Amino acid sequence: MASKVVIENAVLRGSPQAQFLQRVATVYVNGEEYRVLAPPKATGDALEWLEHLSVRQPSTHSFNSEIPVMDARSSQVIQLVAEELERHKLRSDIWTWENQDGTYYPAHICLRGHVKSSDGKVDVEPGEHCQQCGDPIIDACPRCKAPIRGQDSYLTHAYERPSFCYKCGRPYPWMEDRLQ
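All figures in this text were calculated on a predicted structure; none of them were measured in a lab. (Residues numbered from 1 in each chain as written. Predicted model: local features only at pLDDT ≥ 70, side-chain atom pairs only at ≥ 80, totals over all residues. Heavy atoms only, no water.)

*Asks:* Honestly, the sheet that holds strand β3 (residues 22–29) in this entry has me stumped. Any pointers?
*Replies:* Either a parallel or an antiparallel arrangement is found when strands of a sheet pair, and the pairing is made through backbone hydrogen bonds. Strands sit in the order β1-β3-β4-β6-β7 across an open sheet of five strands; the sheet is antiparallel. Two strands lie at the open edges of the sheet, namely β1 (3–7) and β7 (66–68), each paired on one side alone. Taking the axes of each pair of neighbouring strands and ignoring which way they run, one obtains an average angle of 30 degrees across the sheet. Across three bridges, strand β4 (residues 32–38) lies against strand β6 (residues 54–58) in antiparallel orientation. From the neighbouring strand, R35 faces β6, where its bridge partner is R56. (Pairing = 2+ DSSP bridges. Helix = DSSP H or I, 4+ residues; strand = E, 2+ residues; numbered from the N terminus. Axes fitted to C-alpha atoms, helices over the stretch in contact; angles between N-to-C directions.)

In structure tokens form, the structure reads like this:
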């Protein structure tokens, strides 16, 4: 079974309108498209909502409508999404603190400070280089190895690249250049 899973929301934020489901992923299996949706009020890690997810297919008869998938394909598609969410979690590792700091996506930033990803939606492979300057892209402090904080997963304000590591307090490479 040839498949491709595109995670759209690994962290659910809830929908402000009760009638709108949240898209978790789009799955392609043998040329067929499936949309995996979470309930409107679902918040937090999408993995915790697996038993409440629904699967739909785009309708070929009506523009912008979907048909619920209720047969065995539904559980197969949800299983594919669960496996990809697990891989996504291992790659991007969302961190949580039990204080006012909140929950953050990891950031991927080159040594000169160009932000590649800060919202958990772009996968960055180890060893990847910046398309703007060619420098290596990092996702952790070079000194203490703490992950670089990306966007707060529950807020929608613009991301501001950090200058200093939240854990050890040392400047990131792009700030070191400015300080020198």
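*Asks:* Any chance you could explain the pattern of salt bridges here in plain terms?
*Replies:* When charged atoms on two side chains of opposite charge get close, those side chains can pair. Summed over all chains, the structure comprises eight salt bridges. Here R35 makes a salt bridge to E66, at a shortest N to O gap of 2.9 Å. Here the residue R35 occupies a position in strand β4, and E66 occupies one in strand β7, the gap between them amounting to 31 residues. Take R35: its relative accessible area is 16%, and that puts it in the buried class. Here E176 and R143 are joined by a salt bridge, their closest N and O atoms 1.9 Å apart. (Salt bridge = Lys/Arg side-chain N within 4 Å of Asp/Glu carboxyl O. Buried < 20%, exposed > 50% of the residue type's maximum accessible area, 1.4 Å probe, protein only.)

*Asks:* What is the right way to look at the nonpolar core in this model?
*Replies:* As a rule of thumb, nonpolar side chains are buried together in soluble globular proteins. In terms of nonpolar packing, the biggest core is built from 22 residues, with V24, V27, V36, V81 and L85 touching the most fellow members. Of all elements in the fold, only β1, β3, β4 and α1 (72–92) reach the threshold of two or more residues within this core. Among the elements that take part in this core, α1 stands out by supplying five residues, more than any other. Excluding residues that lie within four positions of it along the chain, V81 makes contacts with V5, I7, V24, A25, V27 and V36. Counting 10 residues, the second-largest nonpolar core is a separate cluster that includes A146, I148, C165 and Y172. (Core = buried A, V, L, I, M, F, W, Y, C linked by side-chain atoms within 4.5 Å. Contact = heavy atoms within 4.5 Å.)

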